[in-house]
Amino acid sequence: MRRETYQDAVRTLNTLQTNANYLEQVKRQRGDPQTQLEAMELYLARSGLQVEDLDQLNIIHITGTKGKGSTCAFTERILRNYGLKTGFFSSPHLVQVRERIRINGQPISPELFTKHFWRLYNRLEETKGDSSCVSMPGYFRFLTLMAFHVFLQEKVDLAVMEVGIGGAYDCTNIIRKPVVCGVSSLGIDHTGLLGETMEKIAWQKGGIFKCGVPAFTVLQPDGPLAVLRDRAQQISCPLYLCPPLEALEEGGPPLTLGLEGEHQQSNATLALQLARCWLQRKDHQAGIGELKVSRPSLLGQLPLAPVFQPTSHMRHGLRDTEWLGRTQLLRRGPLTWYLDGAHTTGSMQACVRWFRQALHRRERPGSSGSEVRVLLFNSTGDRDSAALLKLLQPCQFDYAVFCPNLTEMSSMDNADQQNFTVTLDQVLLRCLTHQQHWSRLREEQASPDLWSTPTPEPGGPASLLVVPHPPHSTSSLVFSCISHALQWISQGRDPVFQLPSPPRGLLAHPVASSGAIILQEAAAIHVLVTGSLHLVGGVLKLLEPSLSQ
């Protein structure tokens, strides 16, 4: 029987190494990571392409720790406004794997995904005897190869390529001649692979620089910025520091960003420079924005990128950018869902700022009724969940809910959500660990020796102070899947997320049963979903069914 449906394609893709296994493999082989890139070039050749073929894609190559996906989204949207046909490769996906490969901002269709998947898969199957490398590339490598094929066959004018992990040895780095490169804000993440200091991580990120290819970065701490500067100088890569967004706004109307949060300003200014540089190098001189008087930069001994007046295409591009699961709000009756896939300490700090500012803007003087704040959290991999949860303490949640990144208890009917790298027991144990971290943090807050007793905020339920008695687990719950967690949080009050009946035992825990009454009666429920992009994706799948179509 021929395997030709979209779900068959995704199930077969899932049998390849997934990202978690790939990380472990790279860790073991990082003594000679150059072999990883050589293997990727072999896979590319077996698929019928040479590295030189990728030059036709007019690539914008973007790395960073925080905001690289948002920077890619801003950049792609700006250039699409110029009438250009854009390709956009990103990771991870939130709901469906085809989101990773986009044409003109839209995920490729299930039909197109299926066609290109089997064409590439069969080609690699046919050639697996031709080389000494593993017969099939891993999950992320396969999708990277597939993106190259899709973009070439669809004849895009440019491709925005987001680095997977790191830069120097990431499989996207077989690109030899990008048009321009960008490095968003740096932070600590994937330390087992990239190194435990920001300087080591900066060295990895600077690995995407190419001789003679302009590169841009945003303001970084002195140490990492010096590493980026040295990496660029060693290979004669012209590296520029982006001026703040305010410098580009001077003398014109303020820029409106489609993505919320102060931290998006840094991503937007990088995207403007990347888009302008691409247009300039591709001879779109008429629409690149009028230069303002520039001044030399002394910060980190890097030259300052041009200060220019953004064009209307650029302004509208920034305003119209959408990037699901990042500082995203969904308002549903009494419920407001705040979705942000922050999973590093830096991005979590930005998420907390955004959440608290959004809450402050929504405060209504004299409003009656209680407001309840709920945290829905998960964290995976080698990330320090205790550090992330500590950063979330100032939000003063009334309930903390933990669940694995499983949409349903059984995801067999939905290949996009399958994960073969972990067992249910493993992910549930991880959630219990998160709950223990949360309880310890609450105990510390409850101790008068360490913390002053917090006061209830205006509009908050007086019976749900931050200090619980006893402090250990009175306000936290663990559910076995996202669906059960959302059923408990929403209590049937979300007009879109409606299931026939809650599973038996959903309210068996005393906190669950008493909390259900409070949630049913609350005038407003504010739910922050964070810690993992995969968690955010599972939540979006249930709250926005159209994304699965």
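Before reading on, note that the structure itself is shown above.
Predicted, not measured: the structure shown is a model, and the values here were computed from it. (Residues numbered from 1 in each chain as written. Predicted model: local features only at pLDDT ≥ 70, side-chain atom pairs only at ≥ 80, totals over all residues. Heavy atoms only, no water.)

A. Fine view of the overall build of the protein. Secondary structure summary: the protein contains 18 helices and 16 strands in total. By the burial criterion, 57% of the 549 residues in the protein qualify as buried. For the protein, the share of sequence-separated contacts (at least 6 apart) that also reach a separation of at least 24 residues comes to 78%. As presented, the protein carries roughly 22,900 Å² of accessible surface, and 51% of it is formed by carbon and sulfur atoms. (Helix = DSSP H or I, 4+ residues; strand = E, 2+ residues; numbered from the N terminus. Buried < 20%, exposed > 50% of the residue type's maximum accessible area, 1.4 Å probe, protein only. Contact = heavy atoms within 4.5 Å. Areas by Shrake-Rupley, 256 points an atom, 1.4 Å probe, with all protein chains shown as cover.)

B. Structural view of the pattern of salt bridges. By the definition in use, this model includes 10 salt bridges. Notably, a salt bridge pairs Asp 320 with Arg 77, separated by 3.9 Å at the nearest N-O pair. Of this pair, Asp 320 sits in helix 12 (residues 312-320) while Arg 77 sits in helix 4 (residues 68-80), and the two are 243 residues apart along the sequence. Here Asp 320 falls in the partly exposed class, since its relative accessible area comes to 28%. A salt bridge links Arg 229 to Asp 230; its shortest N-O distance comes to 3.2 Å. Judged by relative accessible area, which is 32%, Asp 230 ranks as partly exposed. (Salt bridge = Lys/Arg side-chain N within 4 Å of Asp/Glu carboxyl O.)

C. Main features of the sheet that holds strand 4 (residues 106-107). With mixed pairing, the 8 strands of this open sheet are ordered in space as 4-3-2-5-1-6-7-8. Both edges of this open sheet fall to strand 4 and strand 8 (239-241), since each of them pairs with a single strand only. Taken together, the 3 bridges between strand 6 (residues 180-183) and strand 7 (residues 215-217) define a ladder with parallel strand orientation. Bridge assignment links Gly 182 to a residue of strand 7, and that residue is Phe 216. In the packing of helix 6 (residues 139-153) onto the sheet, contacts are made with strand 1 (59-63), strand 2 (86-89), strand 3 (101-103) and strand 5 (158-162), and the angle to strand 3 comes to roughly 15°. With respect to the sheet, helix 11 (residues 264-281) is in contact with strand 1, strand 5, strand 6 and strand 7, its orientation differing from that of strand 6 by roughly 175°. (Pairing = 2+ DSSP bridges. Axes fitted to C-alpha atoms, helices over the stretch in contact; angles between N-to-C directions.)

D. Here's a closer look at the environment of Leu 186. With respect to the secondary-structure elements, Leu 186 resides in the loop between strand 6 and helix 7 (191-194). Residues Leu 186 and Lys 68, spaced 118 residues apart in sequence, show a C-alpha to C-alpha distance of 9.6 Å. Sequence-distant contacts of Leu 186, defined by excluding residues within four places in its chain, comprise Gly 64, Thr 65, Lys 66, Met 198, Ala 202, Lys 205, Gln 220, Pro 224 and Leu 228.

E. Focus on the nonpolar core. Within the largest apolar cluster, 45 residues are counted, with the highest numbers of intra-cluster contacts made by Phe 113, Phe 148 and Phe 151. Elements represented by at least two residues in this core include exactly helix 1 (6-14), helix 3 (34-46), strand 3, helix 5 (110-126), helix 6 and strand 5. For this core, the element with the most residues is helix 6, which contributes 11 residues. Excluding residues that lie within four positions of it along the chain, Phe 148 makes contacts with Leu 44, Leu 49, Leu 54, Leu 57, Ile 59, Met 161, Ile 174 and Ile 175. Listed in part, the 40 residues of the second largest apolar core include Ile 60, Leu 158, Cys 277 and Leu 279. (Core = buried A, V, L, I, M, F, W, Y, C linked by side-chain atoms within 4.5 Å.)

F. Main features of the packing of aromatic side chains. By the definition in use, this model includes 18 aromatic pairs. Judged by centre distance (6.5 Å) and plane angle (55°), the rings of Phe 397 and Trp 438 are tilted. One end of the pair, Phe 397, is in the loop between helix 14 (385-391) and strand 14 (399-402); the other, Trp 438, is in helix 15 (residues 424-446), with 41 residues separating them in the sequence. Comparing Phe 397 with Trp 438 shows no difference in burial state: the two are buried. Three or more aromatic residues link up through ring pairs in this structure, and these residues are Tyr 6, Phe 113, Phe 117, Trp 118, Tyr 121 and Phe 142. Positioned over the ring face of Trp 203 is Arg 231, at 3.7 Å from the centre of the ring. Against the face of Phe 308 rests Arg 276, its NZ or CZ located 4.9 Å from the ring centre. (Phe/Tyr/Trp six-rings, centres within 6.5 Å; stacked < 30°, edge-to-face > 60°. Lys NZ or Arg CZ within 6 Å of the ring centre and 35° of its normal.)

G. Molecular detail of unusual backbone geometry. Here Ser 91 and Pro 92 are connected by a cis peptide whose omega angle stands at -10°. Locating Pro 92 in the fold gives a position in the loop between strand 2 and strand 3. Unusually for a residue other than glycine, Thr 327 sits at a positive phi of about 40°. Positionally, Thr 327 belongs in the loop between helix 12 and strand 11 (328-332). The class of Thr 327 is buried, set by a relative accessible area of 5%.

H. Main features of the sheet that holds strand 13 (residues 371-377). Spatially, 6 strands are ordered 11-12-16-13-14-15 in an open sheet, and the strand pairing comes out mixed. This sheet does not close on itself; its edge strands, each paired only once, are strand 11 and strand 15 (476-478). Averaged over all pairs of adjacent strands, the angle between their axes in this sheet comes to 20°, without regard to strand direction. Here helix 15 sits on the sheet and contacts strand 13, strand 14 and strand 15; the angle it forms with strand 15, its principal contact strand, is near 175°.

Read these as geometric descriptors, not functional statements.
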